[in-house]
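Close look at the chain arrangement
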Amino acid sequence: MIMKKIFVCLFVLLSSACTVFAEAVLTFGGADLVEERTPLLFMKETGGLSLETPLSPAEGYRGPRFFGGYGRSAHGSVDRAEIDNNTGPYGLDMLGFTEGGMGTVDVMYGAVIFTMESFAAPHTNQPISLAREKAMVLRTYTGYIPDQEGWVYFYVMAEGERYVGPPMSYTRDTEGDWGEKTLIIEDPRTVAWTKLATVDGTARIAGDREPAQPNFDQVTEVGFFFTTSGTTRVKDAARLLTDFFMVSTND
């Protein structure tokens with residue numbers, strides 16, 4: 001009986017020692033990232049995808065630097081590509097992309113990408129191992145526009161290759177007039193990924209992509225792509241707004 005109790009105690013101790021707790025390695029969001037409306041890097045018409053020039057504001061911004069791009073598919077404009085101070089439902093700053101008041105924008109798209117320099121210490125400038133529980137979390141808002149259809153693709157770079165996860169709707173089954181929705185990839189190892197493919201050097205995700213699974217223990221970039229379109233009128237390709245993006249690691 002004594003030996004049995006000792007064995008049980010050792011098993012519990014070893015199990016506890018082997019438990020890996022996730023921790024946030026990147027958190028984008030909060031109050032006072034900016035003091036006022038602060039535009040992102042300006043991109044004209046169909047925009048582009050920049051992995052060398054930061055998309056985040058060069059001045060007046062206190063959050064982690066990010067890259068990416070945004071654009072639209074038809075005549076018109078993306079009038080809003082900015083961070084607003086304390087304007088979200090929770091009093092947080094909001095990153096927003098909104099199509100213009102004129103023109104015929106039928107599809108709007110964008111990408112927000114964080115590199116290793118934005119990882120929290122001690123992970124800064126080091127590859128990370130993504131968590132197996134709530135690895136990637138993004139909270140979105142659409143406004144109440146029932147004819148808007150929007151999709152988010154979580155993004156990682158691992159061992160020099162870029163990948164996107166499966167499309168996740170941020171416009172269906174939203175709650176209330178704000179259309180608030182939190183998108184979560186629990187364990188990225190359990191969902192189907194594809195190699196990143198975009199249209200004509202823009203941030204628009206291409207339809208045909210090669211299936212592939214990243215090495216989630218060697219991730220060097222994280223972020224998300226989005227696309228939004230109108231289902232009945234071109235003017236319903238309205239917006240993507242977010243105030244919170246978090247990535248967690250097992251390390």
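Quick caveat, the model's predicted, so the values are computed rather than measured. (Residues numbered from 1 in each chain as written. Predicted model: local features only at pLDDT ≥ 70, side-chain atom pairs only at ≥ 80, totals over all residues. Heavy atoms only, no water.)

Quick word on the overall build of the chain
As a reminder, the rule being used: Only DSSP runs of H or I with at least four residues qualify as helices, and only runs of E with at least two residues qualify as strands; both kinds are numbered from the N terminus onward. Exposed residues in this analysis have more than 50% of their type's maximum accessible area, buried residues have under 20%, and partly exposed residues fall in between, with area computed by a 1.4 Å probe over protein chains only. We call two residues in contact whenever any of their non-hydrogen atoms come within 4.5 Å of each other. Each accessible area is a Shrake-Rupley result for a 1.4 Å probe, and residues are judged covered by the shown protein chains and nothing else.
Looking only at helices and strands, the chain features 1 helix and 14 strands. Split into buried and exposed, the 251 residues of the chain put 48% on the buried side. Counting contacts in the chain only where the partners sit at least 6 residues apart, residues at least 24 apart contribute 72% of the total. Of the roughly 12,200 Å² that the chain leaves accessible, carbon and sulfur atoms contribute 53%.

Regarding the side chain of E82
Note the cut-off: As used in this structure description, the phrase polar contact means that two N or O atoms lie within 3.5 Å; if the pair is within protein, one of them must be able to donate a hydrogen and the other to accept it, and residues adjacent in sequence are counted only when both atoms belong to side chains.
Positionally, E82 belongs in strand β4 (residues 80-84). One polar contact links E82 to R37, side chain to side chain, over a distance of 2.4 Å. A distance of 3.4 Å separates polar atoms of two side chains, one belonging to E82 and the other to R80. Dropping the residues within four chain positions of it, E82 is found in contact with R37, T38, P39, L40, M94, L95 and G96.

Thoughts on the side chain of S118
Note on placement: S118 falls in the loop between β6 (107-115) and β7 (136-141). Not counting chain neighbours up to four residues away, the residues in contact with S118 comprise V25, L26, P64 and R65.

Let's talk about unusual backbone geometry
Along the chain, A121 connects to P122 via a cis peptide bond; the corresponding omega equals 5 degrees. Even without being a glycine, D32 presents a positive backbone phi close to 65 degrees. Position of D32 relative to the elements: it lies in the loop between β1 (23-29) and β2 (38-39).

Quick word on the packing of aromatic side chains
The geometry of an aromatic ring pair is captured by the separation of the ring centres together with the interplanar angle, meaning the angle of the planes. Inclusion rule: What counts as a ring pair is set by centres within 6.5 Å for rings of Phe, Tyr and Trp (its six-membered ring), and what kind of pair is set by the plane angle: stacked under 30 degrees, edge-to-face over 60, tilted for all other angles.
As enumerated under the stated definition, the model contains 11 aromatic pairs in all. Between F28 and F114 the ring centres are 5.6 Å apart and the planes differ by 45 degrees, which places this aromatic pair in the tilted class. Linking F28 in strand β1 with F114 in strand β6, this pair joins segments that are 86 residues apart in sequence. Overall, the relative accessible area of 3% leaves F28 in the buried class. Considering the side-chain rings of F97 and F226, the 5.1 Å spacing of their centres and the 45 degrees angle between planes classify their relative orientation as tilted. Of this pair, F97 sits in strand β5 (residues 94-98) while F226 sits in strand β13 (residues 219-230), and the two are 129 residues apart along the sequence. Assigned by exposure class, F97 and F226 land together as buried. Three or more aromatic residues link up through ring pairs in this structure, and these residues are F28, Y61, F66, F114, F154, F224 and F245.

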